Amino acid sequence: MRYLPKSSAERAHMLREIGIGSIDELFAPIPAQFRLIRDLCVPRQMAESEIVDWFRARAAENGDGYDILLGAGAYNHYRPLVIDALISRGEWFTAYTPYQPEIAQGTLQAIFEFQTMICELTGMEVANASMYDGSTGAAEAVMMAMRITGRNSAILARSVHPEYREVIATYAKYQGLPLTEVAFTDNGRVDLAALDAAITPNTACVLIQSPNFFGTIEDVAAIADIAHAKGALLVVSVAEALSLGIVRPPSEADIVTLEAQSFGVPLSYGGPYAGVIATREKFVRQIPGRLVGQTTDRNGKRGFVLTLATREQHIRREKATSNICTNQALVALMTNIYMDVYGREGIKELAQQNLAKAAYARKQFGTKARVLFDGAPRFNEFVLQTSEDAYEISHRLAAKNKIIGGFPLRKFYPELGNAAVWCATELTSRAAIDAAAGEVK
Amino acid sequence: MSNENIRKVTTHISQNEGLIFEHSSPGKKAYRLAELDVPEIDASAELGAALRTESAALPEVSEPEIIRHFTRLSTWNYAVDHGMYPLGSCTMKYNPRVNEVVSRLDGLAGAHPYQPEQISQGVLRIMKALADQLIEITGMDAITLQPAAGAHGELTGILLMRAFLESQGNARKKILIPDSAHGTNPATAAMAGYEVENLRSNEDGMVDLAALEAQMNEDVAGLMLTNPNTLGIFDEQIAQIAEILHRKGGLLYMDGANMNALVAKARPGDFGVDMMHLNLHKTFSTPHGGGGPGSGPVACTKHLEPFLPKPVVVETDEGTLRLDYDRPQSIGRVRAFYGNFGMLIRALAYIMANGPDGLRQTTEDAVLNANYLRKKLEGTFDLPYSTPTMHEVVFSDKLQSKSGLKTGDIAKRLIDYGFHPYTVSFPMVVHGALMIEPTESEPLEELDLFVDAMKSIAQEAIDSPDLIKNAPHSTRLSRLDETAAARKPVLRWKLESK
Ligand SMILES: Cc1ncc(COP(=O)(O)O)c(C=O)c1O
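Residues numbered from 1 in each chain as written. Chains lettered and ligands numbered in written order. Predicted model: local features only at pLDDT ≥ 70, side-chain atom pairs only at ≥ 80, totals over all residues. Heavy atoms only, no water.

## Structural notes on the interface of chain B and chain A
Note: interface size is frequently given as the accessible area lost on complex formation between the parts.
Right, so step 1: Counting residues at the interface gives 207 residues for chain B, matched by 185 residues for chain A.
Right, so step 2: Buried surface at the junction of chain B and chain A, both sides included, amounts to about 17100 Å², of which 63% is carbon and sulfur.
Right, so step 3: Its largest share of buried area at the contact with chain A, chain B owes to Arg52(B), Met352(B) and Leu491(B), together 5% of the area lost on that side.
Right, so step 4: For Arg11(A), the salt bridge identified is with Asp365(B), shortest N-O distance 2.7 Å.
Right, so step 5: Linking chain B with chain A are 88 residue pairs in polar contact (both at pLDDT 80 or more), by the criterion used here. (Contact = heavy atoms within 4.5 Å. Buried area = accessible area lost by both parts, 1.4 Å probe. Salt bridge = Lys/Arg side-chain N within 4 Å of Asp/Glu carboxyl O. Polar contact = N/O pair within 3.5 Å; in protein donor to acceptor, adjacent residues only side chain to side chain.)

## Structural notes on the domain arrangement of chain A
Right, so step 1: For chain A, the assigned domains are domain 1 (1-36), domain 2 (67-77 + 346-439) and domain 3 (81-339).
Right, so step 2: Spacing between the C-alpha centres of domain 1 of chain A and domain 3 of chain A amounts to 46 Å. (Domains from an automatic or database assignment.)

## Focus on helix α7 (residues 162-173) of chain A
Residue and element names in this part refer to chain A.
Right, so step 1: When the terminal C-alpha atoms of α7 are compared, their 16 Å separation across twelve residues agrees well with the 16 Å that a helix rising 1.5 Å per residue should span.
Right, so step 2: Here α7 lies mainly inside the structure; nine of its twelve residues are buried.
Right, so step 3: Looking at α7, one finds that the buried residues are Pro162, Glu163, Tyr164, Arg165, Val167, Ile168, Thr170, Tyr171 and Ala172. (Helix = DSSP H or I, 4+ residues; strand = E, 2+ residues; numbered from the N terminus. Expected span 1.5 Å × (residues − 1). Buried < 20%, exposed > 50% of the residue type's maximum accessible area, 1.4 Å probe, protein only.)

## Notes on the site of the ligand
Right, so step 1: Taken together, 15 residues form the shell around the ligand, and within it Thr326(A), Ser89(B), Ala151(B), Asp255(B) and His281(B) come nearest.
Right, so step 2: Two or more chains meet at the ligand, and those chains are chains A and B.
Right, so step 3: In the environment of the ligand, an oxygen atom lies 2.5 Å from a nitrogen or oxygen atom belonging to the side chain of Thr326(A).
Right, so step 4: Taking Asn279(B), its side chain carries an N or O atom lying 3.1 Å from an oxygen atom of the ligand.
Right, so step 5: Notes on the ligand: free accessible area 390 Å², of which the protein chains cover 99%.
Right, so step 6: The element that contributes the greatest number of residues to the shell around the ligand is helix α6 (residues 150-167) of chain B, accounting for three residues.
Right, so step 7: Taken together, the residues of the shell around the ligand sort by class into five nonpolar, seven polar and three charged. (Near = heavy atom within 4 Å. Areas by Shrake-Rupley, 256 points an atom, 1.4 Å probe, with all protein chains shown as cover. Nonpolar A, V, L, I, M, F, W, Y, C, P; charged D, E, K, R; others polar.)

## Things to note about the packing of helix α12 (residues 407-416) of chain B against helix α13 (residues 444-463) of chain B
Residues and elements named next belong to chain B.
Right, so step 1: Where α12 contacts α13, the two axes come as close as 10 Å, and the packing angle between them is 125 degrees. What the angle tells us is that α12 and α13 run oblique. Note on packing geometry: the crossing formed by α12 with α13 is right-handed. Residues Ile410, Arg413 and Leu414 of α12 touch α13, and the partners they reach there are Phe450, Ala453, Met454, Ile457 and Glu460.
Right, so step 2: Class assignment of the residues belonging to the contact of α12 with α13 gives a composition of six nonpolar, no polar and two charged. (Axes fitted to C-alpha atoms, helices over the stretch in contact; angles between N-to-C directions. Parallel < 35°, antiparallel > 145°, perpendicular 65-115°, else oblique. Left-handed = near helix turned anticlockwise from the far one by under 90°.)

## So, the pairing of strand β7 (residues 255-259) of chain A
Successive side chains on a regular strand alternate, one facing one side of the sheet and the next facing the other.
All names here are of chain A.
Right, so step 1: In terms of residue burial, β7 counts as a mostly covered element, since five of its five residues are buried.
Right, so step 2: Burial along β7 is two-sided: the residues Ile255, Thr257 and Glu259 and Val256 and Leu258 are all buried.
Right, so step 3: Summarising the sheet, β7 and strand β8 (residues 275-279) pair through five bridges and their orientation is antiparallel. The residue of β8 that forms the bridge with Val256 is Ala278. (Pairing = 2+ DSSP bridges.)

Laid out in structure tokens, this is it:
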């Protein structure tokens, strides 16, 4: 087997050194009736070339080269080539959690830079090293709000990504944490009056998404005022990180939970992505996950270490802020490199291009069907109501035009009828927008 | 510093490098946007009050600076590609390059999670193939690939336990967890709304059956057991353990972090396990990435299948695959979309590269390597449990503590010898633990160098303990002040701190 660096002579030598006659003796602790004495029924050993061919065939079955006008929590942005060039270095991807800082300064410094950039983007004061993704990050943020406030219920905006809400529901169920949902109005934003009425003295937090699942940017400041007036925290989930290049950051929030996939992470059928939690300094001891801090070595040189570990499972066990151990470090590194590539100006210009593409798409689609939620600003997504069923449109576009169309909303928002949320990014060509617009009705 | 015994490494030049922000200067760029093919728009008219007025202070740097920055930083890391990384419980094995290539194929890496199923047959086929093979490897009946890491798998598994028991009428209150367990186990139980009750180990390092009998009652939902456990010991009483739990209506959760000792040699489904997670980033060679991403599929028996997270991949009568969301008893979702799909590709590629014979040889070599180290280092280091061990071995610092040295000190000195340290101070049942897991990926030469290094350090502990206390001596930075970092946390860069 090509991954195993040993000859039979070496194996025999090692057995002799151990003082046993056969490898079977080392498996003796497994009771005989449980020892597998047959081959596993898995495919036979394959050559590298056969493996590549097999996956190429799967990739071909999937179809590639489609234009994507779909977002809904996973965004098709350009990935600068330096990202893969750098993360393909074994020093990055074959290391693990930087438990030994003297030989992990690369990883540690990179995380420290990442934490800094996330703070800059979100308007928060501290950010962690990463969470699994935006949905679990949002669920952990809600639990963090419970710990901070000592209250135990939460309010979710109905305009939060439906799958994020499902994940939060799974996490909340066994924490004895009742969740209530607050509706949106006809501009696609959270219904402020309903929100105000829903908050009780037991509400730990209000969780909104902005831009929300419809692409609409929420009035974060107004929502923060309403939540704070009743002693609840505001958690803002950002699923489209690139929006922060041009949209006011949710600085009034107490916790921001970000899905950073937009920053150079492949769509990869939904993962691996990278979640992040950012918050105020005063809440840092309740943040889940790893944190990197600056310190010095014995000679006074600057260096970085994992810190405030007394929040974490390996020290606090059942009293930890979360059970998270392995996170999404390499994906966070991709996003880190991406933020360096675009930088202060590029992130803004790129976001501006997205805005322009989506505005153009809205206009083109608007001549064929009804664009909903016109009363509030949007970033790169919008909802289109059609007379035809949204799934039909999506199937036809895929088959006929090699276009991946909008996300049909019927399953989660039946009240919107035949509607779908569409997305245009810098990678969406005018031709694809025109072709898709030509098909909707 | 005495270096004559260090054969594995030679120090060499390592580039200094500041923070990326310290290279920033207005106007530098590493990008050029493509020409915009639609009309420009006025962002402030479009966004109104939602317009960002103050830019995020991201660095402004050029492409070559980015390449140098991250290349220089990378050279400060130790990685599996450099040499043995015997971090116990983490299974730091070789990460095959073909995995990286196939996971980046355009049709896979570019697949949108909501693209229509008609153009997702390839990705669904990959998920189905991996699911089938992991079911065969574990001997369980069903599986979910949704969890993003081991701990996330634990949560999923305990929620399955809870949902199942609830369907029987009583979710119960407590989870039993052995004192040797990983911290994620109790943390998980708490997240699933259970109290944690500690279960003590016997003098062989296994579950104390009498204690289990005494503690098992109708309040106990189940037991979270790592097998082989964190001492590397396969608990031979596993079937009795399962029996005791099942007799009183409880379930057995197996933490599969140590499956590298079992693949193709024994199947948890055959010895009474009800549900378990796998760490694809340990056993199935997906890279650790400096801390992640991982992937933590959860396999379970038939009676737990209805509760698995949704959606699940199912095959239609026509042989096409689709995602089934209609699972009324499901615990719900534990993550958006379907899991860390890119890691699933890599794990499948690993299984294909091995086949049944390769998987068996892999496990045998992993156990052989660990036992070779155990044999060579026994006597030089204290072995607190004489019970046979499988894929890892845990020593203690008892002998060296006579010179005032702790496991953490020995670990730091090992760095000078060119190795990544073992896992320090875990499991907690061993005072001053040195937890060593070489994996199958180490050639004999590397193992022998490791043995020499450990023996040499043991000698230094007698001759010159200060050498060890002040180690490492050959790294860019000497020991870092972790206390200061926690006392006054500096968690981000600011212009003033330049
Ligand atoms: C025994 C054991 N259980 C659980 C875990 C948690 O797995 P993960 O880090 O993938 O969440 C680990 C990880 O180190 C482990 O060693």
